[in-house]
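# A closer look at the structure
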Amino acid sequence: MKGYVDKALCVGCGMCAASCPEGFRLGDDGVAEGYQELPAESIEDAQQVAGDCPVGAITIVSAK
Ligand code: SF4
């Protein structure tokens, strides 16, 4: 599982990177990205931030 961020929607608030740093980080372009396969213990956090993102930019996808 991996976090996916729709960069066209993200407003760069940083919440996802702060709440689930194992799954999300802010890129040089000022918007977030899902950057690695989620550790098993972080999947719940990632699903939480996906629900909490103020613009609904996050989805959790199978990394395959
Ligand atoms: S929580 Fe949503 S809007 Fe905020 S940085 Fe993450 S993807 Fe972007």
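Conventions adopted
Residues numbered from 1 in each chain as written. Predicted model: local features only at pLDDT ≥ 70, side-chain atom pairs only at ≥ 80, totals over all residues. Heavy atoms only, no water. Helix = DSSP H or I, 4+ residues; strand = E, 2+ residues; numbered from the N terminus. Rg over C-alpha atoms; globule rule 2.2 N^0.38 Å. Buried < 20%, exposed > 50% of the residue type's maximum accessible area, 1.4 Å probe, protein only. Contact = heavy atoms within 4.5 Å. Salt bridge = Lys/Arg side-chain N within 4 Å of Asp/Glu carboxyl O. Near = heavy atom within 4 Å. Nonpolar A, V, L, I, M, F, W, Y, C, P; charged D, E, K, R; others polar. Patch = residues over 30% accessible without salt bridge, like charges linked within 9 Å, V, L, I, M, F, W, Y side chains within 5 Å. Areas by Shrake-Rupley, 256 points an atom, 1.4 Å probe, with all protein chains shown as cover.

It is worth spelling out the overall build of the protein at this point. Along the backbone of the protein there are two helices and four strands. Secondary structure of the protein in N-to-C order comes out as β-α-β-β-α-β. Expected size for 64 residues packed as a compact globule is a radius of gyration near 11 Å; at 10 Å, the protein falls within 12% of this value. A total of 64 residues make up the protein; the buried ones form 33% of that total. Within the protein, residue pairs in contact and separated by at least 24 positions form 56% of the contacts whose partners lie at least 6 positions apart.

Tallied over the entire structure, the rule returns two salt bridges. As a salt-bridge pair, Lys-7 and Asp-29 come within 3.2 Å of each other at their nearest N and O atoms. Residue Lys-7 is found in the loop between strand 1 (2-5) and helix 1 (15-19), and its partner Asp-29 is found in the loop between strand 2 (24-26) and strand 3 (32-34); the two are separated by 22 residues along the sequence. Between Arg-25 and Glu-33 there is a salt bridge whose closest N-O contact spans 2.7 Å.

Our next topic: the site of the ligand. Of all residues adjacent to the ligand, which total 13 residues, the nearest are Cys-10, Cys-13, Gly-14, Cys-16 and Cys-53. Residues belonging to the shell around the ligand are distributed by class as follows: 11 nonpolar, two polar and no charged.

On the surface, Leu-9, Val-11 and Val-55 cluster together into a nonpolar patch covering about 230 Å² of accessible area. Looking at where Val-11 falls in the secondary structure, it is placed in the loop between strand 1 and helix 1.

By secondary structure assignment, the location of Ser-42 is in the loop between strand 3 and helix 2 (43-52). A relative accessible area of 2% places Ser-42 in the buried class. In this structure, Ser-42 is in contact with Cys-20 and Glu-22, ignoring residues within four places of it in sequence.

The subject of this paragraph is the environment of Ile-58. Here Ile-58 is to be found in strand 4 (residues 58-61). Judged by its relative accessible area of 8%, Ile-58 falls in the buried class. Sequence-wise, Ile-58 and Ala-32 are 26 residues apart; in three dimensions their C-alpha atoms are separated by 9.3 Å. In contact with Ile-58, other than residues within four places in its own chain, are Tyr-4, Val-5, Cys-16, Phe-24, Val-49, Ala-50 and Cys-53.

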